Amino acid sequence: MTHPYIAPIVEGHGEVQSVRGLLRRIVSEFDPRLVPVVNPPIRVKAGSFLKDAAYFDKHVALACAKASEYGGFVLILLDCDDDCPARLGPELSRKAREVRSDVPVVVVLAHREYETWFVTAAESLGGRRGLPVDLKRPDDPEAIRDAKGWLGDRMPSGYDPVVDQPSFTEMMDFEQASGNASFRRLLRVIRAQLVGNTL
């Protein structure tokens, strides 16, 4: 059994610090025997990545070259913000295939932002990094437009993505986070690649 190679493209400094731990947790929970090799994340400017074709092609080609070298796949992980994931996700997948059709590229758009997954799994983060012990998730986490702010308002020192995002990624309960549709998609597409490439 080979260990999966994943080349991520992300947009934030917090994601750069977090995505390796996130992917290792996902892969380990799928099959504890697997230890993914995660390429140093390629950080992009979301606006340019979405609107500048040359910028998009350059960074996707770089990630695909790394993934192809080791028989792996590319993960594009971006915040959806106010875009429609049902429209934007397939569009990015199509554009990525036009860059390299021979390398698997999976697209996951966090709705509305990565931190929305933490808000969805809020109860599992209670008492961590200054959050209240009795922290409760809101009724509709995906309706919150500023998940970073929601977390920061409940932390004595505020929320710092570079410091707090990696920690919360390791701490959050995946079952709780799966109440968020975009997180369920992340689990589903990563596991689909594992089945296709390693089992």
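Above this text you will find the structure in question.
Everything in this summary refers to the structure shown in the same document. (Residues numbered from 1 in each chain as written. Predicted model: local features only at pLDDT ≥ 70, side-chain atom pairs only at ≥ 80, totals over all residues. Heavy atoms only, no water.)

**With respect to the overall build of the protein**
Along the backbone of the protein there are 10 helices and five strands. The C-alpha atoms of the protein give a radius of gyration of 16 Å, which matches the 16 Å a tight globule of 199 residues would have. The principal-axis extents of the C-alpha atoms in the protein amount to approximately 50 × 40 × 25 Å. For the protein, buried positions account for 52% of its 199 residues. Long-range pairs, those at least 24 residues apart, make up 76% of the contacts in the protein between residues at least 6 apart in sequence. Put simply, the protein shows about 9200 Å² of open surface, and 49% of that area lies on carbon and sulfur atoms. Positive and negative side-chain charges of the protein, numbering 26 and 28 respectively, have mean locations separated by a distance of 4 Å. (Helix = DSSP H or I, 4+ residues; strand = E, 2+ residues; numbered from the N terminus. Rg over C-alpha atoms; globule rule 2.2 N^0.38 Å. Buried < 20%, exposed > 50% of the residue type's maximum accessible area, 1.4 Å probe, protein only. Contact = heavy atoms within 4.5 Å. Areas by Shrake-Rupley, 256 points an atom, 1.4 Å probe, with all protein chains shown as cover. Lys, Arg positive; Asp, Glu negative; His and termini not counted. Charge placed at Lys NZ, Arg CZ, Asp CG, Glu CD.)

**Details of the pairing of strand β5 (residues 105–110)**
Of all six residues in β5, six are buried; the element is thus mostly enclosed. The two faces of β5 match: V105, V107 and L109 on one face and V106, V108 and A110 on the other face are all buried. Bridge analysis of strand β4 (residues 73–79) against β5 gives six bridges, and the strand direction is parallel. Across the sheet, L78 pairs through a bridge with L109, a residue of β5. Traced from β4 through helix α4 (residues 85–99) to β5, the parallel crossover comes out right-handed. (Pairing = 2+ DSSP bridges. Right-handed = clockwise from strand over helix to strand, strands pointing away.)

**What to know about the nonpolar core**
The biggest cluster of nonpolar side chains holds 40 residues, and the ones touching the most others in it are L22, W117, M172 and I190. Sort the elements by how many residues they give to this core and helix α10 (residues 181–198) lands first, with six residues. (Core = buried A, V, L, I, M, F, W, Y, C linked by side-chain atoms within 4.5 Å.)

**Looking at the packing of helix α3 (residues 53–69) against α4**
Running from N to C, α3 and α4 cross one another at 70°; their axes reach a closest spacing of 9 Å. Taken as axis vectors, α3 and α4 run roughly perpendicular relative to one another. Between α3 and α4 lies a crossing of right-handed hand. Taken together, the residues of α4 that come into contact with α3 (itself represented by F56, D57, V60 and A61) are L92, K95, A96 and V99. Grouping the amino acids of the contact of α3 with α4 by side-chain chemistry returns six nonpolar, no polar and two charged. (Axes fitted to C-alpha atoms, helices over the stretch in contact; angles between N-to-C directions. Parallel < 35°, antiparallel > 145°, perpendicular 65-115°, else oblique. Left-handed = near helix turned anticlockwise from the far one by under 90°. Nonpolar A, V, L, I, M, F, W, Y, C, P; charged D, E, K, R; others polar.)

**What to know about the side chain of T116**
Structurally, T116 can be placed in helix α5 (residues 115–120). By relative accessible area, which is 0% here, T116 ends up buried. Excluding anything up to four places from it in sequence, T116 contacts H111, P141, E142, A147 and N180.

**Notes on the packing of aromatic side chains**
Taken as a whole, this structure holds eight aromatic pairs when the rule is applied. Seen in terms of ring centroids, F49 and F56 are 4.7 Å apart; in terms of plane orientation they differ by 45°. Their pairing is tilted. An identical accessibility class is assigned to F49 and F56; each is buried. With a centroid separation of 6.2 Å and an interplanar angle of 10°, the aromatic rings of Y159 and F168 are classed as stacked. Given a relative accessible area of 0%, F168 falls into the buried group. (Phe/Tyr/Trp six-rings, centres within 6.5 Å; stacked < 30°, edge-to-face > 60°.)

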